[in-house]
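Tertiary structure, described
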Amino acid sequence: MCETKSADKAGAAAREARIDKILQGAVDPHVHSGPSIAPRAIDHLDLVRELSEAGFAAVLTKDHDYAGVATAQLITKHHPELRTKIFSGIVLNNVVGGINPYAVEHTAAMGGKTVWMPTLAAENHLRWEKNASFAHPASTSKMRHATAVPVLDANKKVLDSVKEVLDVIAKNDLLLASGHLHVSETWIIFEEAKRRGVKRLAFTHPEEIVGASLNDVKGIAAMGAFVEHSICMFLEGSKFKVATAEDLRHHIEAAGIDQTVICSDLGQVGVFSPLEGFRRGVALCMDLGYSDDDIHKMVATNASRMLGLDQQAA
């Protein structure tokens, strides 16, 4: 019995060490740390401290209501000892004026990396929440309810204001993320973005809200987009779990390992931390039979390429 327990402990320790190694140089491109108008369990600085201890190369914070670029600059300047580099971006919801090229230009000038199409203000999100089984964790009674920020006209053509934003994204080589658009809208926006010179595309959590099929995942990845999965939506014990481990395998197979990015999409209250989410996500991928090198691609290398961080380090 004692020998069995010792073997179990040794096996668990080896597994944790393997996870530690895979996460060296990891990048989380989608974290909801605070401060925020919505409840958050960890703030931006504590997040960077925690991820630095774990050996992460970078993290990108996302708030549905403001660009975190100024905070990222402050942390970078005053905490050069932290290994993890912090970046941010902007979500084109009501608070920043919706489809606002001025806000996108400002974000780019301040070192931002990502522009998300509308999330809580997406027409698709507003339809989704009417039938959702839970309130989105960023929803709050502290401000008026979101109003729709459309990206297409009545004929399913890209609005001129969106084209202007796409031009800013292209000029500054930012990442365009689909946010909470319906997948049918994402196809149209991504095709227009590519025509206008946008080189970096991310398909946001196809497993939830956006109505995507595996064929959509395969096709959007084939056009050069990275497919970003919110690992919190696959993990046992997560209040955001909507899909299974096998669902994740099917998504990875549809896009291909080289186009798959795993993010935490964590930082909310009542669930484990972004770091713990990553550790559990790595363990899940190990259980699915992926090699350490392939898992490292999905939690580190691919996100670095997606955000252009590999070019900065070169």
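Residues numbered from 1 in each chain as written. Predicted model: local features only at pLDDT ≥ 70, side-chain atom pairs only at ≥ 80, totals over all residues. Heavy atoms only, no water.

**A closer look at the nonpolar core**
Residues Leu23, Phe56, Leu248, Val282, Ile295 and Val299 are the most contacted members of the largest nonpolar core, which totals 42 residues. Breaking this core down by element, the ones donating at least two residues are helix 1 (2-22), helix 2 (44-53), helix 3 (69-78), helix 9 (245-255), helix 10 (274-287) and helix 11 (292-307). Among the elements that make up this core, the one with the highest residue count is helix 10 (7 residues). Core analysis: the next-biggest nonpolar cluster, separate from the first, contains 41 residues, Val165, Ile189, Val198 and Ala254 among them. (Core = buried A, V, L, I, M, F, W, Y, C linked by side-chain atoms within 4.5 Å. Buried < 20%, exposed > 50% of the residue type's maximum accessible area, 1.4 Å probe, protein only. Helix = DSSP H or I, 4+ residues; strand = E, 2+ residues; numbered from the N terminus.)

**Points about the packing of helix 4 (residues 101-109) against helix 6 (residues 160-171)**
Contact pair helix 4 / helix 6: the axes reach a minimum separation of 9 Å and the direction vectors enclose 10 degrees. In terms of orientation, helix 4 lies roughly parallel with respect to helix 6. Along the contact surface, helix 4 presents Pro101, Val104 and Glu105, while helix 6 presents Glu164, Val165, Val168 and Ile169. Residues of the contact of helix 4 with helix 6, tallied by class, amount to 5 nonpolar, no polar and 2 charged. (Axes fitted to C-alpha atoms, helices over the stretch in contact; angles between N-to-C directions. Parallel < 35°, antiparallel > 145°, perpendicular 65-115°, else oblique. Contact = heavy atoms within 4.5 Å. Nonpolar A, V, L, I, M, F, W, Y, C, P; charged D, E, K, R; others polar.)

**A few points about the environment of Phe203**
Structurally, Phe203 is set in strand 6 (residues 200-204). For Phe203, a relative accessible area of 0% puts it in the buried group. When the C-alpha atoms of Phe203 and Leu181 are compared, they prove to be 9.8 Å apart, with 22 residues separating the residues in sequence. Once you skip the residues sitting within four places of it in the chain, Phe203 turns out to touch Ser178, Val183, Thr186, Phe190, Val210, Ala212, Val217, Ile220, Phe226, Val227 and Glu228.

**Regarding the confidence of the model for the protein**
Low-pLDDT portions of the prediction should not be read for the details of their coordinates. When the pLDDT values of the protein are averaged, the result is 96; 97% of them are 70 or greater. Across the protein, strand 5 (residues 175-177) holds the top mean pLDDT of 99, while helix 12 (residues 309-313) sits lowest at 76. (pLDDT = per-residue confidence, 0-100.)

**Here we look at the packing of helix 8 (residues 214-222) against helix 9**
Look at helix 8 against helix 9: their axes get within 7 Å of each other, and the N-to-C directions meet at 35 degrees. Crossing angle aside, the handedness with which helix 8 passes helix 9 is right-handed. Between helix 8, through Leu214, Val217, Lys218 and Ala221, and helix 9, the contact on the second element is made entirely by His250, His251, Ala254 and Ala255. Taken together, the residues that form the contact of helix 8 with helix 9 break down as 5 nonpolar, 2 polar and 1 charged. (Left-handed = near helix turned anticlockwise from the far one by under 90°.)

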